[in-house]
Amino acid sequence: MNTNGNIVEFPVRLAPAEADAFDHEDLARLFAIWKQHVRTGHTPRLRDYAPRRLSRWLGWSAIIDVPAASLHDYDDEPPTWRLAGSALCRLAGSELAGRKAFDDWQQFERATLHRLLRQGASHFQAFLARLRLDDVRYDTADARLEVLGLPLHDDARGRNVMLLLCLPYFDADLVLPEVLASARLTSLRTLDNGACPAQSLLSEHGEGEGARILPLFGEEHRRPA
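Residues numbered from 1 in each chain as written. Predicted model: local features only at pLDDT ≥ 70, side-chain atom pairs only at ≥ 80, totals over all residues. Heavy atoms only, no water.

> How would you summarise the overall build of the protein chain if you had to cite specific residues and measurements?
Assigned secondary structure in the protein chain consists of four helices and six strands. Secondary structure elements in the protein chain, listed N-terminal to C-terminal, are α-α-β-β-α-α-β-β-β-β. Buried residues in the protein chain amount to 51% of all 225 residues. Across the protein chain, the fraction of contacts at a sequence separation of at least 24, relative to all contacts at a separation of at least 6, is 65%. For the protein chain, the accessible surface area stands at approximately 10,900 Å², while carbon and sulfur atoms represent 47% of it. (Helix = DSSP H or I, 4+ residues; strand = E, 2+ residues; numbered from the N terminus. Buried < 20%, exposed > 50% of the residue type's maximum accessible area, 1.4 Å probe, protein only. Contact = heavy atoms within 4.5 Å. Areas by Shrake-Rupley, 256 points an atom, 1.4 Å probe, with all protein chains shown as cover.)

> Pulling in residues and values, what's your account of the confidence of the model for the protein chain?
The pLDDT averaged across the protein chain works out to 78; a share of 73% of its residues lies at or above 70. Confidence over residues 1–10 falls short of pLDDT 50; this stretch has 30 contacts with residues more than four positions distant or in other chains. (pLDDT = per-residue confidence, 0-100.)

> If you had to explain the environment of Leu46 to someone new, which residues and values would you point to?
Tracing the backbone shows Leu46 in the loop between α2 (25–39) and β1 (61–65). In the structure, Leu46 is positioned 105 residues away from Pro151 in sequence and 8.6 Å away in space, judged by C-alpha atoms.

> Quick rundown of empty space enclosed by the protein? Include the residues and the values.
If a probe the size of a water molecule is rolled over the atoms, the empty space left behind becomes visible. Evaluated as defined, the whole model comprises three cavities of 30 Å³ or more. If you add up the space inside the largest cavity, you get close to 120 Å³. Phe102, Trp105, Leu131, Leu164 and Cys166 are, among the 13 residues lining the largest cavity, the residues nearest its centre. Of all elements in the fold, only α4 (107–123), β3 (127–133) and β5 (159–168) reach the threshold of two or more residues within the lining of the largest cavity. Of all the elements, β3 adds the most residues to the lining of the largest cavity, at three residues. Grouping the amino acids of the lining of the largest cavity by side-chain chemistry returns 13 nonpolar, no polar and no charged. Estimates place the volume of the second largest cavity at around 50 Å³. As for the second largest cavity, its lining consists of Trp81, Ala92, Leu96, Arg99, Lys100, Phe102, Asp103, Asp104, Trp105 and Leu180. Here the lining of the second largest cavity is built from residues that sort into six nonpolar, no polar and four charged. (1 Å grid on protein atoms, 1.4 Å probe; cavity = no way out; pocket = protein on both sides within 12 Å on 5 of 7 lines; lining within 4 Å. Points joined across faces, edges and corners; volume = space filled by probe spheres on them. Nonpolar A, V, L, I, M, F, W, Y, C, P; charged D, E, K, R; others polar.)

Okay, structure coming up:
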């Protein structure tokens, strides 16, 4: 999606294969800004990313807290929404702030995204995912979201948080309520932060190289009933 007046900083140029991983140019630009900070040894900080760099996509953004005790213990306290933009809250049908992240989602999506959030916060690892909204009430031809997850350091609380930017493939002004929990993951990958090679969480379903989006499942990998 091409937009004007949104995220305009682009301090580094991503490799073509890496840039091709993104459908939304704004997400590629934001990731390039984040990656430049990491490469130059400057920890990306929460205070630097909102609202100026998010601009009109602020309503599609969220900050998620990952409790320190749960970073390596997946049965401990789950991540929670600290803040969520108005578009995401409308998609969810309620205010998200303070709720457990993805608590009303399907178990597969909830567990996978929790794992991504914990990995991101503990290892400073960015990720890119695509979601499809399956609810039949969603009357649009392309009911999908592209989601960039970026770890940022929260100076005020002395720990890392995850920033999620969820850009729609459909008209950004078309937001129907109560469909977010119907989201289904169609692809995801971790992103190269400039310090180590990118790694797929589910490499058995793809090549695990370059900047290609790796499908979670296809016709041969059906979701359990």
